[in-house]
Structure formats: C-alpha cells, structure tokens
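Structural description and commentary
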Amino acid sequence: MKRDTLYDEPRRTAAPFEFNRSVAAVFDDMIQRSVPLYAEILNREAQLIATHYQRGTRIYDLGCSTGNLGVYLCRNMGAQPFEMIAVDSAAPMLEICAGKLADAGAGGRVTLVHDDIGLVALENASVIVLNFTLQFLPLTSRDRLLARIFDALVPGGILLLAEKTIHADDDFNRLRQDCHHRFKQENGYSALAVAQKREALETVLIPESEDAHGQRISAAGFGCFDIWLKWFNFSAWIGRK
Ligand SMILES: C[S@@+](CC[C@H](N)C(=O)[O-])C[C@H]1O[C@@H](n2cnc3c(N)ncnc32)[C@H](O)[C@@H]1O
C-alpha cells in the first residue's frame, strides 16, 4: 500500500480536492488513516450484506473507489454466488478496483461501472451501499438519489450509508473536528497536512448533520432506519424497505 504524503509539503494554493490518479494511488492508505473505524465499518457491512442479500437480486456499491467493500464481501461470501454492481466516476479508482477484486476471487460476480451515481440505473437491489460518497454530491441532488435508492430496493432490501457529519452546535462541531484531527495526527499526518487537506476539501466535501440525513432517509420512504455506528463526526446508517 503506497503511503499518502500528498499534503505533507507546503502548498501555495489549495486546489480543490479531486479523485485523480495521484489520490487513487494512495487512497487505501489515505482512507484508513483518515476515517476512524473504516475497517470495522466495511467488515460489519459485508456481514450485513451477506445476511440480507436475496438470491436473484443485486448489490450496488455506489462510489466504490478501490473496491475495499467488494474485497470484504468476497471474504464473507466465500464461493457463494452474488451479483454486485460497483460504480465510480473516477477511472483511476476503477483500474485499481479491478485488480483487487480479481485477487480477492470476485470472478464474474462484480461488474464495474464507470459512471455518475446520480445517473446510473438502479434496479432489483436487495442491498445498496453508499459509503462516504453522498457528501461529494451537490446538496440539490441528494434527495433524488435517496428516493431512487428506495425505489430500486426490493421489499426487505437495505440501504447502508456512511458519512462524515457536522453538529448544529458550534462547540460540539469544533469538538468533533478536534477529535478527528487528533485521530489523523495519531496516524502520522502532520498538522500542516491536516490543514492543507481540510482546505482542499472545503468546497468539495459538504457534510450534513445526522438529523438532516435522518430526515432525508425517512422522506425517501424508509420507515425503519438506525445509526448502527457513530464516532464524533462519522456515522453509519442502516435503513430497511
Ligand atoms: C471517499 S470515496 C468512497 C470510499 C469508498 N466507498 C470506500 O468505502 O472505500 C468517494 C468515491 O466516490 C466517487 N464519486 C464521487 N462523486 C461521484 C459521483 N457523482 N458518481 C460516482 N462516483 C463518485 C469518487 O471518485 C470516490 O472514489
């Protein structure tokens, strides 16, 4: 795994963050050192997928990046059949994803789709996963995507959503950010790297509160949903149709 040093050196200007080839090359190291409980989230989600998958339906991984969820799922499913559609708009991510899924023994069970998740067709799904990707969509297109996800799920199907979040109270918001920055520094990022990455993400990653997500999940049609994991400014939900 290549180490993420992208924001280590001083930059004159912080260009907006992009999922380009340089980011894809260090993505696995970046996400593990930046997202608390990342491995726990993916491992537990893979178990939830294995128990909720309905034969003859699909699993969607929207914003699949380098395919880590697919790798965890292959481990959980063993040789059992399943159909996963893994979608991402960044070609360099999908190139790495293809290699990792082949190594994990996915065989023909995972299809990679290079597309915008706001445009890709969603149908006949028993599981739809949206991990740390809704936060990169324009605010105006998020309600529509959640509604399309609900429509695409078969009865008993589940949504698995994970996001970075904010708190409406300024002090609690600062506390969340301070804990997250401390987490990143404990994982080897310098204060400069944390500050520069934060600036680059400012206009690109727009987090919302747990309440805003809950309202959207409910408005999309999910009568039953729960936050199954929370760590300061990171939350993961499960919703059932
Ligand atoms: C933070 S990463 C997601 C991490 C991944 N789900 C995981 O758990 O490892 C966000 C991903 O979403 C992709 N992405 C962002 N906006 C997208 C869009 N509108 N359509 C498709 N993919 C998108 C990016 O290319 C990137 O790979």
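Heads up: these notes are all about the structure in this document. The shown structure was predicted, so the numbers you read here are calculated from the model rather than taken from an experiment.

Going through the model one piece at a time under the given rule, you end up with 12 salt bridges. Across the pair Glu-208 and Arg-142 runs a salt bridge whose closest N-O atoms are separated by 2.8 Å. Residue Glu-208 is located in strand E6 (residues 208-209), and its partner Arg-142 is located in helix H5 (residues 139-152); the two are separated by 66 residues in the primary sequence. Connected through salt bridges with shared partners, the residues Arg-142, Asp-143, Glu-208 and Arg-216 form a single ionic network.

Where strand E2 (residues 84-88) and strand E3 (residues 110-114) come together, five bridges link them in parallel fashion. In the sheet register, Asp-88 faces E3, and the bridge partner there is His-114. A crossover links E2 with its parallel partner E3, the connecting element being helix H4 (residues 91-103), and its sense is right-handed.

Right, let's get into the site of the ligand. Lining the immediate surroundings of the ligand are 19 residues, of which Tyr-38, Gly-63, Ser-65, Asp-88 and Ile-117 lie closest. Interatomic distance of 3.1 Å between a backbone N/O atom of Ser-89 and a nitrogen atom of the ligand. In the model, a nitrogen atom of the ligand is placed 2.9 Å from a nitrogen or oxygen of the Ile-117 main chain. Look at the ligand: alone it shows 610 Å² of surface, and the protein chains cover 92% of it. Counting only elements with at least two residues in the shell around the ligand, the list comes to helix H1 (21-34) and helix H2 (38-52).

Its location among the elements puts Ser-126 in strand E4 (residues 125-131). Among the residues examined, Ser-126 registers a relative accessible area of 0% and is labelled buried. Ser-126 has contacts with His-52, Tyr-53, Gln-54, Thr-57, Arg-58, Leu-153, Val-154, Gly-157 and Ile-158, leaving out every residue within four places of it along the chain.

With 49 residues, the main nonpolar core has Ile-49, Ile-59 and Phe-82 as its most contacted residues. If we ignore the near neighbours within four places in the chain, the residues touching Ile-49 are Ile-59, Leu-69, Leu-73, Val-127, Val-129 and Leu-160. In this structure, Val-87, Leu-137, Leu-146 and Leu-153 belong to the second largest nonpolar core, which totals 24 residues.

The next point concerns H2. Between its first and last C-alpha atoms H2 spans 21 Å; for 15 residues at 1.5 Å apiece the expected length is 21 Å, and the two agree. Three or more residues of H2 are buried, namely Tyr-38, Ile-41, Leu-42, Glu-45, Ala-46 and Ile-49. Projection of H2 onto a plane perpendicular to its axis shows the buried side chains occupying an angular sector of 130°, all on one side.

Cut-off values and rules
Residues numbered from 1 in each chain as written. Predicted model: local features only at pLDDT ≥ 70, side-chain atom pairs only at ≥ 80, totals over all residues. Heavy atoms only, no water. Salt bridge = Lys/Arg side-chain N within 4 Å of Asp/Glu carboxyl O. Helix = DSSP H or I, 4+ residues; strand = E, 2+ residues; numbered from the N terminus. Pairing = 2+ DSSP bridges. Right-handed = clockwise from strand over helix to strand, strands pointing away. Near = heavy atom within 4 Å. Polar contact = N/O pair within 3.5 Å; in protein donor to acceptor, adjacent residues only side chain to side chain. Areas by Shrake-Rupley, 256 points an atom, 1.4 Å probe, with all protein chains shown as cover. Buried < 20%, exposed > 50% of the residue type's maximum accessible area, 1.4 Å probe, protein only. Contact = heavy atoms within 4.5 Å. Core = buried A, V, L, I, M, F, W, Y, C linked by side-chain atoms within 4.5 Å. Expected span 1.5 Å × (residues − 1). Arc of directions from axis to C-beta.

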